[in-house]
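Inside the fold
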Amino acid sequence: MAKTIQAIRGMNDCLPTQTPLWQKVESTIERVVSAYGYNEIRMPIVEMTPLFKRAIGDVTDVVEKEMYTFEDRNGDSLSLRPEGTASCVRAGIENGLFYNQEQRLWYMGPMFRHERPQKGRYRQFHQVGVEVFGLQGPDVDAELIMMTARLWKELGIDQHVRLELNSIGSLEARHNYRQALIAYLEPHIDVLDDDCKRRLHTNPMRILDSKNPDVQAILGDVPALADYLDDESKAHFAGLCEMLDNAGIAYTVNQRLVRGLDYYNRTVFEWITESLGAQGTVCGGGRYDGLVEQLGGKATPAVGFAMGLERLVLLMEELQLTEVRRRVDAYVVTMGEGSMMAGLQLAEQLRDQIPTMRVMNHFGGGNFKKQFKRADAVGAAFALVLAETEITEGKVTIKDLRGGEQQTLSTAEAIEWLQAQM
Ligand code: ATP
Ligand code: MG
């Protein structure tokens, strides 16, 4: 036998047993974002490398260590997208979506980061992103958070996630804060790990969310970013907090929350669960008012978030929220001459008349026992039996596979009866 070739580490198959839960999560998200009037946008999975470098920032984990970058046959440097916001902004600028109009957009798809694979952290993973362009008030920030809160409720996980919120202010406020932060951290340079040392002068705010416990230990008396916020950012944040209070959405303000990507300003937030260990952030987002301009468009305020679908699915599995819609409602069992063709016809008739019904035909023959066993195995609610008597009399026997009762009806009556069960 030939040697088998395995999938790439950290890139998973989603098996037929897993797809129903994924579909449930995806369709719930689609329904919720649509309920707010957002439109889907689809971008390519590969972009020019400089797009991500410029948008996400050169001194970030994502760009420094996690991108899948390669040269294509023309010698251009391309990268698999590590996130969606940069592509979304690029697409918006390129297609004139930001000219005198607001955009409320969402997308869903695979992202790629070369990280160390572990539970909740993969090299190909899936995000749903939501981005709003052209609106600057805290009202839209509040709406996005309300949208996520509604989604958690619909998925049944709202009691298991909590919201952390912060404002990282304007570029200028952050510049001032940076100086204070560097001054505070310099005397502790020996405690900093290599990553933090490197970032001390390039991107010191990233040190605040370092996961290294030694580094966290020296951050006790670190200057508070809140003390450096500009007045407008303060007012924006107060406005957001008030709207969340009014909406009954609980949050904690976490002064250390800065988020990993460079483009954020003002509002940043994360939804966190304690049920998934270290990979507890299921959704993160914030405002990025400078990004459109930074990527060559005209200045456009923007805000968005992205959530990790693997982590949502894992959380639902952890909470045993795995009940999904039945894959098959009715399983057609046939016996005797001409019954196979009659079975195919009956199934087609049912699909014509009851579009929501899922009908599966038995193929490959075998006795009743074998066929009923298959019907059970696929989880059908009913078996529809067509044997010689049924076929000569134009009837169908419906067997309820959960209760066991059975009844023989004319085809028209059977369809009507099944319709009432859907
Ligand atoms: P983390 O701190 O866990 O590395 P992040 O700050 O890098 O997350 P973002 O870039 O904000 O994450 O992405 C938004 C969401 O996408 C995360 O909150 C998470 O749910 C998900 N996510 C990010 N990276 C991965 C990954 N490698 N595997 C699975 N999900 C991921
Ligand atoms: Mg990360």
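Remember, it's a predicted structure, so these values are computed and weren't measured experimentally. (Residues numbered from 1 in each chain as written. Chains lettered and ligands numbered in written order. Predicted model: local features only at pLDDT ≥ 70, side-chain atom pairs only at ≥ 80, totals over all residues. Heavy atoms only, no water.)

Another point: the sheet that holds strand E12 (residues 330–334). Read from one edge of the open sheet, 5 strands run E13-E12-E14-E15-E16, paired in mixed fashion. Bordering the open sheet on either side are strand E13 (359–361) and strand E16 (406–410), each of which pairs with just one other strand. Between one strand axis and the next, the sheet turns by 25 degrees as a mean value, whatever way the strands run. One ladder, built from 5 bridges, connects E12 with strand E14 (residues 382–386); its direction is parallel. Residue pairing in the sheet places Tyr331 in a bridge with Ala383 of E14. Helix H13 (residues 339–353) contacts E12, E13, E14 and strand E15 (395–400) of the sheet and is inclined by roughly 170 degrees relative to E13. (Pairing = 2+ DSSP bridges. Helix = DSSP H or I, 4+ residues; strand = E, 2+ residues; numbered from the N terminus. Axes fitted to C-alpha atoms, helices over the stretch in contact; angles between N-to-C directions. Contact = heavy atoms within 4.5 Å.)

The next subject is the sheet that holds strand E3 (residues 69–71). Read across the sheet, 3 strands follow the order E2-E4-E3 without closing on themselves; strand pairing throughout is antiparallel. The sheet terminates laterally at strand E2 (46–48) and E3, the two strands that pair on one side only. Taken over all neighbouring pairs, the strand axes of this sheet differ in orientation by 35 degrees on average, direction set aside. Inspection of the sheet shows E2 paired to strand E4 (residues 77–80) by 3 bridges, in the antiparallel sense. The residue of E4 that forms the bridge with Val46 is Leu80. Along the sheet, helix H2 (residues 49–56) makes contact with E2, E3 and E4, crossing E2 at roughly 80 degrees.

Moving on to the domain arrangement of the chain. Annotation of the chain at the domain level lists domain 1 (19–170 + 230–318) and domain 2 (330–421). Summarising the inter-unit geometry, the C-alpha centres of domain 1 and domain 2 are found 47 Å apart. (Domains from an automatic or database assignment.)

As a further point, take the packing of aromatic side chains. Overall, the coordinates contain 9 aromatic pairs when judged by the stated rule. Look at Phe133 and Tyr288: their rings are 6.1 Å apart centre to centre, the planes differ by 80 degrees, and that puts the pair in the edge-to-face class. Within this pair, whereas Phe133 is found in strand E6 (residues 124–133), its partner Tyr288 is found in the loop between strand E10 (281–287) and helix H11 (291–294), the two being separated by 155 residues in sequence. The class for Tyr288 is buried, based on a relative accessible area of 1%. Aromatic pair Tyr263 and Tyr288: ring centres 5.5 Å apart, planes at 55 degrees, arrangement tilted. Here Tyr263, found in the loop between strand E8 (252–253) and strand E9 (265–272), pairs with Tyr288, found in the loop between E10 and H11; they are 25 residues apart in sequence, far enough to count as distant. (Phe/Tyr/Trp six-rings, centres within 6.5 Å; stacked < 30°, edge-to-face > 60°. Buried < 20%, exposed > 50% of the residue type's maximum accessible area, 1.4 Å probe, protein only.)

The next thing to look at is the site of ligand 1. In the vicinity of ligand 1 lie 15 residues, with Arg113, Glu115, Arg121, Arg259 and Thr281 positioned nearest. Between an oxygen atom of ligand 1 and a side-chain N or O atom of Arg113, the distance comes to 2.7 Å. Taking Tyr122, its main chain carries an N or O atom lying 2.9 Å from a nitrogen atom of ligand 1. Across the complex, the protein chains shield 90% of the 590 Å² of accessible surface that ligand 1 would expose by itself. For the shell around ligand 1, the elements supplying multiple residues, two or more each, are E6, E10 and strand E11 (302–308). Broken down by element, the shell around ligand 1 gets its largest block of residues, 3 residues, from E10. Partitioning the shell around ligand 1 into residue classes produces 5 nonpolar, 4 polar and 6 charged. (Near = heavy atom within 4 Å. Polar contact = N/O pair within 3.5 Å; in protein donor to acceptor, adjacent residues only side chain to side chain. Areas by Shrake-Rupley, 256 points an atom, 1.4 Å probe, with all protein chains shown as cover. Nonpolar A, V, L, I, M, F, W, Y, C, P; charged D, E, K, R; others polar.)

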